[in-house]
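Residue-level listing of the chains:
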Amino acid sequence: PAAPRRWHGGGHGHGAALALDHAEEDDTLSAQDREEQRRITWLGLWSNVGLSAVKGVVGVQSGSVSLIADAFHSASDLCGDFVALAALNLAQRPPDELHPYGYGHYESLATLAVSALLIGGGVGIGHHAFEQLFEFQANANPPELRMVPAALGIIGFSVVVKEWLYRRTVDVGQRTRSPVLVANAWHHRTDAFSSVVALVGISGTALGTPLLDPVAGLLVSGMVLKAGGDVGWDAVQDLTDRRRDSDQTTIKGVYDIARDLSLQAGSGIIDVHDVRVRRLGHYMLLDLHLRVDPRLSVTGGYFEKRRIKRRIHRAFPNVSEIFIHVQAHPSRSQKFTSSNYDSDARSLSLRRYSGGGGPPPKLARANSRKQVLVSRSVRTQFQIEQDVSEAVAASMADDPVVLGLAHALVHYNVAEGDEMPFITVEANLRMDTDITLRRAEQAAHLVRERILEIPDVHDVDIHVELLES
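Residues numbered from 1 in each chain as written. Predicted model: local features only at pLDDT ≥ 70, side-chain atom pairs only at ≥ 80, totals over all residues. Heavy atoms only, no water.

(A) Summary view of the overall build of the protein. Regarding its fold elements, the protein presents 13 helices and seven strands. Considering only contacts in the protein between residues 6 or more positions apart, those separated by 24 or more positions represent 78%. Element-wise, carbon and sulfur atoms account for 59% of the exposed surface of the protein, whose accessible area totals about 22,100 Å². (Helix = DSSP H or I, 4+ residues; strand = E, 2+ residues; numbered from the N terminus. Contact = heavy atoms within 4.5 Å. Areas by Shrake-Rupley, 256 points an atom, 1.4 Å probe, with all protein chains shown as cover.)

(B) Region of the structure containing helix H4 (residues 148-175). The terminal C-alpha atoms of H4 lie 41 Å apart, and with 28 residues this matches the ideal 40 Å at 1.5 Å per residue to within 8%. After H4 finishes, the residue Arg177 shows a positive phi value of roughly 60°. (Expected span 1.5 Å × (residues − 1).)

(C) Structural context of the pairing of strand E2 (residues 269-280). Pairing analysis gives nine bridges linking E2 to strand E3 (residues 283-292), with the strands arranged antiparallel. Across the sheet, the residue bridging to His273 is His289, located in E3. The turn joining E2 and E3, which pair antiparallel and follow one another in sequence, is formed by two residues; a positive phi near 70° is taken by Gly281. (Pairing = 2+ DSSP bridges.)

(D) Local environment of the pairing of E3. Of all 10 residues in E3, nine are buried, a share of seventy percent or more. The pairing of E3 with strand E4 (residues 319-328) spans nine bridges and is classified as parallel. Residue Leu288 lies in a different strand from E4, and its bridge partner there is Ile324. Regarding topology, helix H8 (residues 298-315) serves as the crossover connection from E3 to the parallel E4, and that connection is right-handed. (Buried < 20%, exposed > 50% of the residue type's maximum accessible area, 1.4 Å probe, protein only. Right-handed = clockwise from strand over helix to strand, strands pointing away.)

(E) Highlighting a nonpolar patch on the surface. A cluster of nonpolar side chains, namely Trp42, Trp46 and Val49, defines an oily patch on the protein surface of about 320 Å² accessible area. Relative to the elements of secondary structure, Val49 occurs in helix H1 (residues 31-62). Given the relative accessible area of 33%, Val49 is considered partly exposed. (Patch = residues over 30% accessible without salt bridge, like charges linked within 9 Å, V, L, I, M, F, W, Y side chains within 5 Å. Salt bridge = Lys/Arg side-chain N within 4 Å of Asp/Glu carboxyl O.)

(F) Highlighting the nonpolar core. The biggest cluster of nonpolar side chains holds 30 residues, and the ones touching the most others in it are Ile384, Val388, Val392, Met431, Ile451, Val457 and Ile462. Per-element tally for this core: the top contributor is helix H13 (residues 437-452), with six residues. Counting 22 residues, the second largest nonpolar core, distinct from the first, contains Leu261, Leu286, Leu296 and Phe382. (Core = buried A, V, L, I, M, F, W, Y, C linked by side-chain atoms within 4.5 Å.)

(G) Layout of the packing of aromatic side chains. Counted according to the given criterion, the structure contains four aromatic pairs. Between the aromatic rings of Tyr101 and Phe323, the centroid separation amounts to 6.3 Å while the plane-to-plane angle is 75°, which identifies the pairing as edge-to-face. Here Tyr101, found in the loop between helix H2 (65-91) and helix H3 (104-138), pairs with Phe323, found in strand E4; they are 222 residues apart in sequence, far enough to count as distant. The class of Phe323 is partly exposed, set by a relative accessible area of 32%. With centroids separated by 5.4 Å and ring planes inclined at 65°, the aromatic side chains of Tyr166 and Trp186 adopt a geometry described as edge-to-face. Here Tyr166 is found in helix H4, whereas its partner Trp186 is found in helix H5 (residues 179-207), with 20 residues between them in sequence. Under the relative-accessibility criterion, Tyr166 is labelled buried at 11%. Looking at Arg189, its charged tip hangs above the ring of Trp186, at a distance of 5.6 Å from the centre. Above the plane of the ring of Tyr101 lies Arg278, whose end atom (NZ or CZ) is 5.7 Å from the centre. (Phe/Tyr/Trp six-rings, centres within 6.5 Å; stacked < 30°, edge-to-face > 60°. Lys NZ or Arg CZ within 6 Å of the ring centre and 35° of its normal.)

(H) Representation of the environment of Ser395 within the structure. Note on placement: Ser395 falls in helix H12 (residues 381-398). In this structure the C-alpha to C-alpha distance between Ser395 and Arg448, which are 53 residues apart in sequence, comes to 9.8 Å.

(I) Broad picture of unusual backbone geometry. Even without being a glycine, Asp274 presents a positive backbone phi close to 55°. Topologically, Asp274 is positioned in strand E2. In the Ramachandran plot, Asp456 falls in the positive-phi region, its phi being about 80° despite a non-glycine side chain.

(J) The environment of Arg259, seen in detail. Relative to the assigned elements, Arg259 resides in helix H7 (residues 247-262). Spatially, the C-alpha atom of Arg259 lies 6.5 Å from that of Asp271, the residues being 12 residues apart in sequence.

(K) Highlighting the side chain of Ser195. With respect to the helices and strands, the residue Ser195 is situated in helix H5. Overall, Ser195 belongs to the buried group, its relative accessible area being 0%. Looking at Ser195, its side chain comes within polar contact range of the side chain of Lys55, at 3.1 Å. Polar contacts involving the side chain of Ser195 include one to the side chain of Ser158, which spans 3.1 Å. (Polar contact = N/O pair within 3.5 Å; in protein donor to acceptor, adjacent residues only side chain to side chain.)

(L) View of the sheet that holds E4. Sheet architecture is open: three strands sit in the order E2-E3-E4, paired in mixed fashion. Strand pairing shows two members of the sheet lacking a second neighbour, E2 and E4, which therefore form its edges. The mean angle between the axes of side-by-side strands here comes to 15°, regardless of whether they run parallel or antiparallel. Along the sheet, H7 contacts E2 and E3; its crossing angle with E2, the most-contacted strand, is approximately 155°. Strands in contact with H8 are E2, E3 and E4; relative to E4, the strand with the most contacts, it is inclined by about 150°. (Axes fitted to C-alpha atoms, helices over the stretch in contact; angles between N-to-C directions.)

Pasting the structure below:
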């Protein structure tokens, strides 16, 4: 046959509206989470103010050096509270021109500052314990204490309050993925440890064994130093983009999601590679390379990128942004080359449909274009192209003018934040060159109407290739 001549006809038609499965996941913290972060931090701040004042007064009245030192330690916790409040306010700012990736690193910086305070507190507790040991060697007579029951009572109350603050703060910090809150929670526990040291010291002095105080102080000093070092190391890893062991869970999850999507019928996804993560405070950035079937249109590839992006956001809510580089696979995936899709499409374009004159069963379920078609998940390009091939085959059985389908393309017209993609089908029909223009237009119109009955299709663009017999 001679080279085909193209004719565009059939116009545009709009099918039913549809709803996409879900909108893009909102990875930002809710207003309730942010308010809870501020509330627990302010509660810790005012608790430190009250406890340091009461400890200081009782320490002076009782003559307990341990209680006075514990009061100063509670007062020093105020620095951690102010650092945490400042970091939370900064980290919640949206990205701007100077900080295109957001302010998450300020939270990591604040975590590093709180870590320094923890280490400083551990060093202070250890230094105080060594001083007490030297004093005990120089003077075997223990200091005389007054108001021992009151001192023990306020210290016991302080331990309970600080442990409760630790548990509450670390719960909020872990749930809202805030490293600075977790670090500040350890600051509360450090204060509880120092109160335990003061409790042991006062009890030991009252019982005639003052050596318990410095020994307990040295043990607590080591615990606090370790906690401060662990928190600070996590912050350093975030600031230097060093991969943590826990990041492997996210990376493995992304590979699993890609594999699950690639195994779905009609999927254009082949696989992913070079998955990387970066931590910025309470959220993460993720980038990956997505390999898709080379037969996908540009918008079809974008739609597959959108599908995997949504799945990752749902699986990992702490992932704030996902950067996906779409690549055409150098060779077709085995799952596509071994399927019936290509052979069916070729045979439909060369022969008339022999299904008894009626529409295929799939199209019979969508015989009314008037009703609203709602899909929990918009189908892929290959699935829609298969339905287009079947629709053309049914038209071939009804109208002998239609000789076959040359090819079909599916375009997903959707913006990044839109919930509903506007799907357009471009179909090239083959017709004989001897027919009139009006007759070709009538046949193209009937094919367009049949394609518009396919779920998820909004608009159809018909092209006609006239072939000489």
